[in-house]
Protein chains: 2
Amino acid sequence: MASEFDIIRDYFTRPVSDARLGIGDDAALIAVKSGTELAVSTDTLVSGRHFFADADPYKLGYKSLAVNLSDMAAMGAKPRWALLALTLPEALANPDSTWLTEFSNGFFALAGRYHVELIGGDTTAGPLNIGVQIIGEVPAGQALRRSGAQPDDDIWVSGKLGNAALALNHELRKITLAPEEIAQCLPALLTPAARVELGQRLTGLAHSAIDISDGLVADLGHVLAASEKAASINITDIPCSAVLKKYSRQKIATACLLAGGDDYELCFTAAQANRREIEALSAELAVPLTRIGKIHPGAGLIVKDAQGHAMTLEITGYDHFNP
Amino acid sequence: MASEFDIIRDYFTRPVSDARLGIGDDAALIAVKSGTELAVSTDTLVSGRHFFADADPYKLGYKSLAVNLSDMAAMGAKPRWALLALTLPEALANPDSTWLTEFSNGFFALAGRYHVELIGGDTTAGPLNIGVQIIGEVPAGQALRRSGAQPDDDIWVSGKLGNAALALNHELRKITLAPEEIAQCLPALLTPAARVELGQRLTGLAHSAIDISDGLVADLGHVLAASEKAASINITDIPCSAVLKKYSRQKIATACLLAGGDDYELCFTAAQANRREIEALSAELAVPLTRIGKIHPGAGLIVKDAQGHAMTLEITGYDHFNP
């Protein structure tokens, strides 16, 4: 069986140019430009919780980085370096297995796109657990925080929400999609796009931002709590796919849209005065940006239905200990 | 059951003063002093691999940080910030359980000693897996690397080696220690001291350094490979406890000393001209520092027995995929 050192050498060691020292010592070394702050975060994917045990390893490698890039996007940071803490069942480390090749190919495919360097990590045997740590740079004082929402801010979301959760619920047989429908929704679940460029372009423009990983209601709720503000949003304004729209009379589709999570889109707030600039940015980046509501003084979130009535929300965001 | 947000708020959120932004946003923010580089690394502890499933959670919290501090020590870096990726069986997150209280108390006890701030992390449900990421500062260009060993360098180790492995082998019933003996050895296994001050003081003094986590022979081997050098060490010079000495005729005790791992002592090389300075440092820090051999041109490691004959080593360092 491959040793842990072989695994690191064979699958995860690639030349680094932006780090002072990459994989192969007790720690990696990075130098930080003056005038910048570092944004650091970590996100873990656990087999049987975040993905099915037989998940495609290429897509898993891709997604394990994507969810971390999404955190950088939500801060307005440029992702630069990553570490990978991989706990791996022995069968997957067996030379007969292609798992590590595919996983690392998926990881590096996305890393290469954003020039993110893998500079360290740890490989251990055990139940499959994928921990990625990401480090990004942001101009000092410019990071997008959850706490900056202002009264009268527009609330925006990028992309379309709910497809990842819809695909998951299909896989869990809680809803049945047609083959062409599941084909349209699965990429959102398996290979989400992190809004890396958008996040960086929103610094100086948005007042607050978060990425939607736990579901719109929960994540917008985090912004409201951190900003000590209230908000109202209109469910009919929330961007979603034609597939989700088709099933919108089913309660589960509404739940996917409002609280499904795993969207990895950005939810941000910005002054009304910046609408044109944000719309121009949307066009330039070819990323749909949609206004879904407004920030108010006070506390709490109201979601209005098609008739403008406040909905009663029984749903909350995904909680790993109360799924 | 406690939610993942409750867990983070109740057990892991403490005020930060050295970070621009701590737990509670999509990422933490840190500012780095000019003239410094950052050393970053990650180490994971997996239940059933690195510790017994019923391990004392206080000591586990302590050790999960200690093994990461040891990587900072090996680079000569001052540890500053940590992230914690905790995958936790639901039973341990139950309010009836004291596991999280004890674990976090152990973690913060050691973090407080070195003014390390916990600035982020991720809490998920699943088989117990503890990933810590550590970020430290080191003056630019001063980090201790594995690759700097020079011919005629002395090879030094800190502390005493082998007690952690001896305690583990007692727990595994491969050797039987007397109660007072296991009591002496267990702290090395459960609450290892990371040589944080020593590492920082060795910058500018040592040519190369590594921490001994996989075992002396394997870790010194990493230094030799990175430095493209050979070495000879004398087994009788390797510092060990009276307990280990007592069992030294048993093959397993020799294996513990040379290849047991989990020591978290530093192995470093330095010019002969610096002997006095290193001895003075040893006295000042009250950390035993012992010369165990020399670096030579060439490749390979020779361990000499008490008669000065090269030993045949059947043992290698700990490999998680070939334990």
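Up top is the structure.
Below you will find a few notes about this structure. (Residues numbered from 1 in each chain as written. Chains lettered and ligands numbered in written order. Predicted model: local features only at pLDDT ≥ 70, side-chain atom pairs only at ≥ 80, totals over all residues. Heavy atoms only, no water.)

The next point concerns the interface of chain B and chain A. Contact residues are listed per partner, giving 64 residues for chain B and 64 residues for chain A. Summed over both sides, the interface of chain B with chain A buries roughly 5,200 Å², with 57% coming from carbon and sulfur. For the pair chain B and chain A, the interface holds 8 salt bridges. The closest approach of N and O atoms between Asp26 of chain B and Arg146 of chain A, which form a salt bridge, is 3.2 Å. Applying the counting rule to chain B against chain A returns 18 residue pairs in polar contact (both at pLDDT 80 or more). Within the side of chain B that touches chain A, the residues separate by chemical class into 33 nonpolar, 16 polar and 15 charged. As paired elements, strand β2 (residues 36–46) of chain A and strand β1 (residues 28–31) of chain B share 4 bridges and run antiparallel to each other. Across the sheet, Leu38 of chain A pairs through a bridge with Ile30 of chain B, a residue of β1 of chain B. (Contact = heavy atoms within 4.5 Å. Buried area = accessible area lost by both parts, 1.4 Å probe. Salt bridge = Lys/Arg side-chain N within 4 Å of Asp/Glu carboxyl O. Polar contact = N/O pair within 3.5 Å; in protein donor to acceptor, adjacent residues only side chain to side chain. Nonpolar A, V, L, I, M, F, W, Y, C, P; charged D, E, K, R; others polar. Pairing = 2+ DSSP bridges. Helix = DSSP H or I, 4+ residues; strand = E, 2+ residues; numbered from the N terminus.)

Below, the discussion takes up empty space enclosed by the protein. Empty pockets left among the atoms are what a rolling probe the size of a water molecule brings to light. In this structure the tally under the stated criterion is 3 cavities of 30 Å³ or more. Taken together, Val40, Ser41, Leu83, Gln133, Ile134 and Ile135 of chain A together with Val40, Ser41, Leu83, Gln133, Ile134 and Ile135 of chain B make up the lining of the largest cavity. Contributions of two or more residues to the lining of the largest cavity are made by β2 and β5 (129–139) of chain A together with β2 (36–46) and β5 (129–139) of chain B. Each residue belonging to the lining of the largest cavity can be placed in one class, and the counts come to 8 nonpolar, 4 polar and no charged. In this structure, the second largest cavity spans a volume of roughly 50 Å³. Lining the second largest cavity are Thr44, Ala85, Asn129, Gly131 and Gln133 of chain A together with Thr44, Ala85, Thr87, Asn129, Gly131 and Gln133 of chain B. Of all the elements in the fold, those that place two or more residues in the lining of the second largest cavity are β5 of chain A together with β3 (78–88) and β5 of chain B. Residue composition of the lining of the second largest cavity, by class: 2 nonpolar, 9 polar and no charged. (1 Å grid on protein atoms, 1.4 Å probe; cavity = no way out; pocket = protein on both sides within 12 Å on 5 of 7 lines; lining within 4 Å. Points joined across faces, edges and corners; volume = space filled by probe spheres on them.)

Right, let's get into the relation of the copies chain B and chain A. Superposition of chain B onto chain A requires a rotation of 180° combined with a translation of 0.0 Å along the rotation axis, giving an RMSD of 0.0 Å. Considering both components of the superposition, the chain copies are consistent with a two-fold axis. Most of the interface of chain B is mirrored in chain A, where 100% of its interface residues are also at the interface. (Least-squares fit on C-alpha atoms with pLDDT ≥ 70 in both.)

To continue, consider the packing of helix α2 (residues 57–75) of chain B against helix α4 (residues 99–113) of chain B. Residue and element names in this part refer to chain B. The contact between α2 and α4 brings their axes to 6 Å, and the two run at 35°. Here the hand of the crossing between α2 and α4 comes out right-handed. Contacts between α2 and α4 pair Pro57, Tyr58, Leu60, Gly61, Tyr62, Ser64, Leu65, Ala66 and Leu69 from the former with Trp99, Glu102, Phe103, Asn105, Gly106, Phe107, Ala109, Leu110, Ala111 and Arg113 from the latter. For the contact of α2 with α4, a count of residues per class yields 13 nonpolar, 4 polar and 2 charged. (Axes fitted to C-alpha atoms, helices over the stretch in contact; angles between N-to-C directions. Left-handed = near helix turned anticlockwise from the far one by under 90°.)

Residue and element names in this part refer to chain A. Per the counting criterion, the structure on display carries 8 aromatic pairs over all chains. Between Phe12 and Phe103 the ring centres are 6.3 Å apart and the planes differ by 75°, which places this aromatic pair in the edge-to-face class. On the criterion of sequence distance, the pair formed by Phe12 in helix α1 (residues 4–12) and Phe103 in helix α4 (residues 99–113) is long-range, its members being 91 residues apart. Per residue, the accessibility class of Phe12 equals that of Phe103, and both read buried. Three or more aromatic residues joined by ring pairs make a cluster, and in this case those are Phe12, Trp99 and Phe103. Positioned over the ring face of Trp156 is Arg291, at 5.9 Å from the centre of the ring. (Phe/Tyr/Trp six-rings, centres within 6.5 Å; stacked < 30°, edge-to-face > 60°. Buried < 20%, exposed > 50% of the residue type's maximum accessible area, 1.4 Å probe, protein only. Lys NZ or Arg CZ within 6 Å of the ring centre and 35° of its normal.)

Here we take up the pattern of salt bridges. Scanning the entire structure with this criterion turns up 24 salt bridges over all chains. The salt bridge involving Lys63 of chain A is made with Asp262 of chain A; its shortest N-O contact spans 2.9 Å. You can see Lys63 of chain A sitting in helix α2 (residues 57–75) and its partner Asp262 of chain A sitting in the loop between α10 (251–259) and β9 (266–270), a full 199 residues away along the chain. Asp262 of chain A matches Lys63 of chain A in its accessibility class, with the two residues each being buried. Arg49 of chain B serves as the salt-bridge partner of Glu90 of chain A, at 2.5 Å between the closest nitrogen and oxygen. Pair noted here: Glu90 of chain A is in helix α3 (residues 90–93) and Arg49 of chain B is in the loop between β2 and α2, and the two residues belong to different chains. Its relative accessible area of 31% is what places Glu90 of chain A among the partly exposed residues. Bridged by salt links that share partners, the residues Asp25 and Asp26 of chain A together with Arg146 of chain B form one connected network.

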